[in-house]
Amino acid sequence: MPMREPGICRVDVEKGELSGASNRYTRTMADLAGLYADGSAYKAVLAELGDTVVYEVTDFKPSADAGDMIIGVTRMIPGRVGDEYFLTRGHIHANANRPEMYYGEAGYGLMLLESPAGEIRTVEIGPRSLCYVPPYWIHRSVNVGTTELVMTFAYPADSGQDYDIIAKAGGMRSRIVDDGRGGWKAVDNESYRFRSKELVESIMGR
Ligand SMILES: O=P(O)(O)OC[C@H]1O[C@](O)(CO)[C@@H](O)[C@@H]1O
Ligand SMILES: [Fe+2]
């Protein structure tokens, strides 16, 4: 790996972005088709939000080299599709043994994690809390608050993202929904299909 120059990027919590970021990607509700359980609620929210950015990622990626690091900020608006809170698409790292860390800057969120074998974990993230996403865990952020969720993250530059792992299983095993008291609860995703032992083993070998 070549020598690189040090850098500084500032986290703009108000804007929910990394000033000086080299990349930005945005997701609207139209980009999130098929992720929510309630199809008619999805259509209604899609019509209401139009091109509104549901979540946005700004990051600084010096390279994709092994040993290098990507740093950035995720911003997600609050809301629900039916009783299900707004979420990111979610993924496992294509190099599955790569970890990630998320640091809460503003708002209240949840990291929903699923092991390849289908175990579920939920980690609440508020301001000044640091969430460790270990290697091999599928991860998705969920905004369970009433304000924008802003989180800083860092992960190895050669991680990559595999989105198919969730799509092929019919989604993640749990859905995060309103508990009727202003909070959240995890409920079973009726469409979920467990991965075969062979597939789990091959993911763990990545
Ligand atoms: O890639 P997704 O699932 O759309 O979610 C975005 C989040 O995941 C990351 O890609 C990191 O793995 C971040 O850029 C961001 O926080
Ligand atoms: Fe990730």
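Within every chain, residues take consecutive numbers counted from 1 along the sequence as written. Working convention: letters from A go to chains and numbers from 1 go to ligands, in the order in which they are written. Reporting of local features is limited, given that this is a predicted model, to residues whose pLDDT is at least 70; pairs of side-chain atoms are given and counted only at 80 or more, and all residues count toward the totals for whole chains, interfaces and linings. With hydrogens and water set aside, each side-chain value is computed from the structure's full complement of heavy atoms.

As a further point, take the UniProt feature "domain: Glucose-6-phosphate isomerase prokaryote" (unreviewed entry) in the chain. As annotated by UniProt and renumbered to match this structure, "domain: Glucose-6-phosphate isomerase prokaryote" (unreviewed entry) occupies residues 27-191. Counted over residues 27-191, helix gives 10% and strand 42%. Its end C-alpha atoms are 23 Å apart. UniProt positions are given in the numbering used here, feature names are shortened, and annotations may be inferred rather than shown by experiment. Only runs of H or I of at least four residues qualify as helices and only runs of E of at least two qualify as strands under DSSP, and these elements are numbered from the N terminus.

Right, let's talk about the packing of aromatic side chains for a bit. Working definition: a ring pair exists when centres of Phe, Tyr or Trp rings (six-membered ring for Trp) sit within 6.5 Å. Plane angles under 30 degrees give stacked, over 60 give edge-to-face, the rest tilted. Going through the model one piece at a time under the given rule, you end up with four aromatic pairs. Aromatic pair Tyr36 and Tyr42: ring centres 6.5 Å apart, planes at 25 degrees, arrangement stacked. For the pair shown, Tyr36 and Tyr42 are each scored as buried. Summarising the aromatic geometry, the rings of Tyr102 and Phe153 are spaced 6.1 Å apart at their centres and angled 50 degrees between planes, so their arrangement reads as tilted. Here Phe153 lies in strand β13 (residues 149-156) and Tyr102 lies in strand β8 (residues 100-106), a separation of 51 residues in the sequence. Exposed residues in this analysis have more than 50% of their type's maximum accessible area, buried residues have under 20%, and partly exposed residues fall in between, with area computed by a 1.4 Å probe over protein chains only.

Water is not among the atoms examined, so metal sites may look incomplete; donors are the N, O and S atoms within 2.8 Å of the metal, or within 3.2 Å for Na, K and Ca. Donor atoms from the polypeptide that bind the iron ion (ligand 2) are His91 (NE2), His93 (NE2), Glu100 (OE) and His139 (NE2), placed at 2.1 to 2.3 Å. For the iron ion (ligand 2), the single-chain donor residues occur in sequence as H-x1-H-x6-E-x38-H. Highlighted residues: His91 in the loop between β7 (84-85) and β8 and His139 in strand β12 (residues 138-143), separated in sequence by 48 residues. Residue classification places His91 among the buried positions, given a relative accessible area of 10%. On the basis of relative accessibility, which here comes to 2%, the residue His139 falls in the buried class.

Among the residues of helix α1 (residues 39-49), Ala41, Tyr42, Val45 and Leu49 are the ones counted as buried. The arc that holds every buried residue of α1, seen down its axis, measures 100 degrees, which confines them to one face. For α1, the exposed residues set more than 90 degrees away from the buried face come down to Ser40, Lys43 and Ala47. Residues are treated as being in contact if the distance between any of their heavy atoms lies within 4.5 Å. Packed against the buried residues of α1 are β4 (53-60) and β6 (80-81). By arc we mean the arc of the directions from the helix axis to the C-beta atoms, nothing more.

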